[in-house]
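# Residue-level structural notes
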Amino acid sequence: MAASQRLATGGLIDRRRTIDFTFDSRRYQGHPGDSLASALIANGVKLTGRSFKYHRPRGTLSAGSEEPNALVELRQGARREPNTRATMIEIHEGLVANSQNCWPSLRFDLGALTGLVSPIIAAGFYYKTFMWPASFWEKVYEPLIRRAAGLGRGADAADPDYYEKATTFCDVLVIGSGPAGLMAALASGRTGARVILAEEDFHLGGRAIAERIAVDGEPAAKWVAAVEAELASLPEVRILVRTTVFGTYDHGTYGAVERVNDHVVDPPAHEPRHRLWRIIAKRAILAAGAIERPLIFAGNDRPGVMLAGAVRSYINRYAVRPGRRAVVFANNDEATQTVVDLSAAGIEIAAIVDPRLNPDPELAKLIGSSGARLISGGMIVRVLGGTRGTRNVLIADEKKRLSNIACDLVAMSGGWMPTVHLTTHLGGRPKWRDQIAAFVPGILPPGMLVAGAAAGHFALRDCLSGGASAGAQAAAANGFRNTSLIVPSAEPEGTNVSALWRVPHRRGKAFIDFQNDVTDADVELAEREGFRAVEHLKRYTTLGMATDQGKTSNLNGIAVMAEITERTISQCGTTVFRPPFSPVSFGALAGPHKGKKLRPVRRTSAHSWAERRGAVFLDTGLWLRAQWFPEPGETDWLTSIVREVTATRTRVGLCDVSTLGKFEVHGRDAGTFLDRIYCNTFSTLPIGRARYGLMLREDGFVMDDGTTSRLAEHRYLMTTTTVNAGKVMQHLEYCRQVLWPKLDIQLMAASEQWAQFSIAGPRSRDVLRQVIDPDYDISNAAVPYLAAREVTVCGGIEARIFRISFSGELAYELAVPARYGVAMVRALMDAGKPWNITPYGLEALNVMRIEKGHVSGGELNGQTTARDLRLEKMLSKKKDFIGRVLAGRPALVEPDRPRLAGFKPVDRSDRLNAGAHFVPIDTVASADNDQGYMTSVGYSPTLNHWIGLGLITRGHERIGERVRAYDPVRNADVVVEITDTVFIDPQGDRLAS
Amino acid sequence: LIHKEIALRAEPRLTIRSPLIDVARPGRLGQRNLLPGVFIEERGDLVLAAIIGRNGQQSVLTNVIRKCFAADLPQTPKLAHGNSLDFVWTAPWQWLVIGERAKNRDLLSKLRSELSGVAAVFDNSDARVIIRVHGPRIRDTLSKVISIDLHRRAFRTGDAASTQAAGISLQLWQTDNRPAYDLAVARSYAEDFWERLVEAGSEYGIEVG
């Protein structure tokens, strides 16, 4: 289909190439340089969507990121994205877009029937109507409302694209590349400062490419191209197009999103769709321009009613004709330029309506003999039209005489609002300025300057000079000076405006917020119901909400409220904004950190060995740890675990324990340091020995446990649990650096240096003997229980052995430098072949430690004291230590506190559940009767039944008593017997064998 | 004693394994239509030692290092060169010592004996992996991984920093003016970090050395 409304010449489009695209299943053509909105206008398409609430037909209002109407679903399938602004979509080959909020079709939309009942669905309707019965809200009302309303449909499959984040730094960040931004970038860039110029559009220039204006006597677009070329040649200047700076954050940090590949159907391989930039700028220059305001009159939302500045953009930048016969309705001097541009595009001007009695004298000259009417002191009172666009307008002149004028385009302008958003993100409030009838930036974020229209200086020459001086000032603040930058010349122009907000009217709806379908009547209703504060007005009417965040409506809403309440706009209040300036995709915010990449993954040095053995891995903190090692034919985890435990208890098992935290504690005062850290004593630990240690938090609760060995006079090796390793490291560093800086301590994390394996079971010494170099005697006498030795293995490789046991068996932990991890575990597996050595995972480890009554994560949960865990004998009375005083608080030594005990089911076939609560038998399972809960459970192959550890009131005094283990979550209710915490080998004979 | 014994023994029977062995295969990754924008390789077979000065011994430590290794220990995040060794400041009175294993087989025992009573010496050879990166797009790549300003005016050859990348602790220093950087990460994170680095650089094309 030929683009009927394309002008023959002009515009920043490449007419040599055509691009095919599809809108609502119809194929159209555009040119490179078109936006979707301009390409649709070129093809005579005026209707682009339906409104959110009343399903009114809507066309394109603007030509920029403020667009509230022309929201479309872009792309298809998993890449479908709702609410994309047709004004911001760069046309590309294969583009597919669909209108939204309509069914069965855009032209015939059943949802538009809501317009007929609109009198009863005004602001606050939902709050008042869907209140009773309360239970209906979630199940009935909300789903109904969501189906009827809503803004487009999200994709129903996972986003296939890649998103990334990056951080960059600069001396000067220039936000916006209109005349002010370009001059700012040039002035700062020429000094050699590091400059980033960010432009949300795909073309630099801002209004300079949208207006028929001259810079230094040349067409502005030519000047833009020259400046762009110079900036591109400066090595320290970076130009980011398609990049929206969306937020101002502390310390000169700005958030920006670069739409790297939204202008293609599929991003090229290895490239992201969006890139989220964190820009850390010593100075920033906001040159974001201004946003034009609609005027408020009945039917101002009809397709064909457009902002005057947008009309000029479409004519000048895109070379399209947004209508054939136009009425211009403006309260400011830009009406003149609009008339000039319309005429140049061959668009007939039916009338110029200016509410001012003395419009720009240029206007009368321009009209001359064209036959257009100039109606000064007049207003459009109503626009008539429908899905086919605007048909005619009713205009009242200064004497309120009505005339009906046929037209298909209304170019309206209520004046311009500086784009102050980024100045308010840190709390600055905009200030009202009467001369321009707009808010200008108030207190600026530290390091920010504002130039051009964003500062309320709308004339081109002010933009050029303001940008140049802001650029020079920002560069100079960073020590970069130079250059006599000559500010280019520009014609003087009128920027007068008289504040007209809304036109009094009787019939039809006059919209303030187009996206949320908020009319002036809704503001009146809000006022009547007491929602007069600006913030209340917003919440009650939804004015300024949704994807455009009221870019075209906030000020009009305030103005109408001010008018109704007979206050000035300053008295009425102002709006501040939160980031983001315009919508940012969740993909960009998440970046590559999604799915399994949400957090880093830590692998032990023997990970690849376990993987090849078919281990099932568990995420424990950041670590991947083997949970069990299924053998061929084993399908259920319990079978594997029973086999692993039995093998370890009867022969020998092997477990990778490298993830335990390890810290080297060196120095003259290492013993003293550990005595203060741990509740038990380490300064008396003989060299070559290990000891179990318990450390408390300052508040007296248990922090962590582990064994610590003394390898030499001033050299200890501490171990911690896997999960607490980082926390303990912070704690130790805090104690060393802050609490006791005078102690001579050298602390080094050693978890990464060593691969460590537990070899447990009656044959563990036999296995170890095969790998430890023959010079070292590891007999029971030479290396007794709790010995720690530095040895060598496999022909001289340094190693450490610790005779410690979590399983309760004769056991050793062998540590070698991590580069040997895989080779070491293979050597151990080879050495253990005669005894069928069996690798075991976390689950078997857990079963065995429960069988021995050792506490672990379930018990060391941050809520237990040493006394609760029946470890109170470890609390030294001969020394001070962290947590000592507060561990003695009355509540923590209260006799009825739940304390650690063992549990077994009375019916041995019953399964136990961790988390089950204990209540006395024959009492109601209620919080009043609660006596504690099960902390850990496991199936003991040694005893052939489930066992558990738990915390129960006076547990240690109640051995033999029966209680209910009540678990409403898993629907279990089991009678259990309280036992000692140690289920097997209570004398510890196996340890010492 | 143990260290002397090691020197006397025959070659050990266990083979060593890099944590990057499954991912760091030489060749091209990512975009292949252009010359590589990024070159990355693991610096293999290094001896790494962490040294921490003991209280009151700081000036002695500085003198010993100058005398024995011809290096001036930096007191800020920087790199200093000595005889076949590099010293990277990592924290107040803490340094990472880096040398090629071939030239420094006895480094740890030498450090321990020279610094006895002056500093604690820890073997870190297995604890960290060092990745050497350079190439015309290396700064662009690293800007997606870390939040440090590596611009030539902000970070120069010999400068070092401690930071984090997607939750992974990282030390880096600039080794020359190409620029090239060494990135030191903990062993358990190395594979994950490598993958994130490759992902960041793939749009520029990567050559793994």
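Here the structure is a predicted model, which is why all the values come from computation and not from measurement.

Of regular secondary structure, chain B possesses five helices and 12 strands. Dimensions of chain B, computed from C-alpha atoms along their principal axes, come out at roughly 55 × 45 × 30 Å. Total accessible area on chain B stands at roughly 9000 Å², and carbon and sulfur atoms take up 50% of it. A gap of 3 Å separates the mean positions of the 28 positive and 24 negative side-chain charges of chain B.

Looking at where glutamine 174 of chain B falls in the secondary structure, it is placed in strand 10 (residues 168–176). Excluding residues that lie within four positions of it along the chain, glutamine 174 of chain B makes contacts with Leu79, Phe155, Arg156, Thr157, Gly158, Asp159, Pro179, Ala180 and Tyr181 of chain B.

Enumeration over the complete set of coordinates arrives at 16 aromatic pairs over all chains. Ring centres of tryptophan 93 of chain B and tryptophan 95 of chain B lie 5.5 Å apart, and the angle between their planes is 80 degrees; this geometry places the pair in the edge-to-face category. By relative accessible area, which is 26% here, tryptophan 93 of chain B ends up partly exposed. Given the relative accessible area of 1%, tryptophan 95 of chain B is considered buried. Clustering of aromatic rings is evident, with ring pairs tying together Trp432, Phe439 and Trp501 of chain A. The lysine or arginine in question, lysine 509 of chain A, covers the ring of tyrosine 54 of chain A, its NZ or CZ lying 4.6 Å from the ring centre. Just above the ring of phenylalanine 581 of chain A sits the side chain of lysine 551 of chain A; from NZ or CZ to the centre is 4.5 Å.

With that settled, consider the pairing of strand 32 (residues 623–628) of chain A. Burial analysis of strand 32 of chain A places six of its six residues in the buried class, the great majority of the element. The hairpin formed by strand 31 (residues 616–620) of chain A and strand 32 of chain A contains two residues between the paired strands, and glycine 621 of chain A there has a positive phi angle of roughly 60 degrees.

Let us look at the sheet that holds strand 9 (residues 160–165) of chain B. Residue and element names in this part refer to chain B. Read across the open sheet, the seven strands follow the order 1-12-2-8-11-10-9; overall the sheet is mixed. Unpaired on one side and paired on the other, strand 1 (27–29) and strand 9 mark the two borders of the sheet. Direction aside, the axes of adjacent strands within the sheet are offset by 30 degrees on average. In this structure, strand 9 lies alongside strand 10, joined through six bridges in antiparallel fashion.

Here we come to the environment of lysine 222 of chain A. You can see lysine 222 of chain A is positioned in helix 5 (residues 220–233). As a C-alpha pair, lysine 222 of chain A and proline 272 of chain A span 50 residues in sequence and 32 Å in three-dimensional space.

Residue and element names in this part refer to chain A. Counting residues in each nonpolar core, the largest one holds 74 residues, and the members touching the most others are Phe297, Val327 and Ile380. The element best represented in this core is helix 1 (residues 36–42), accounting for six residues. With residues near it in sequence (within four places) discarded, isoleucine 380 still touches Phe297, Val327, Phe329, Val353, Val393, Leu394, Ile395, Val410 and Val503. Ala615, Leu768, Val783 and Leu810 belong to the second largest nonpolar core, which has 40 residues in total.

Cut-offs used in this document
- Residues numbered from 1 in each chain as written.
- Chains lettered and ligands numbered in written order.
- Predicted model: local features only at pLDDT ≥ 70, side-chain atom pairs only at ≥ 80, totals over all residues.
- Heavy atoms only, no water.
- Helix = DSSP H or I, 4+ residues; strand = E, 2+ residues; numbered from the N terminus.
- Areas by Shrake-Rupley, 256 points an atom, 1.4 Å probe, with all protein chains shown as cover.
- Lys, Arg positive; Asp, Glu negative; His and termini not counted.
- Charge placed at Lys NZ, Arg CZ, Asp CG, Glu CD.
- Contact = heavy atoms within 4.5 Å.
- Phe/Tyr/Trp six-rings, centres within 6.5 Å; stacked < 30°, edge-to-face > 60°.
- Buried < 20%, exposed > 50% of the residue type's maximum accessible area, 1.4 Å probe, protein only.
- Lys NZ or Arg CZ within 6 Å of the ring centre and 35° of its normal.
- Pairing = 2+ DSSP bridges.
- Axes fitted to C-alpha atoms, helices over the stretch in contact; angles between N-to-C directions.
- Core = buried A, V, L, I, M, F, W, Y, C linked by side-chain atoms within 4.5 Å.

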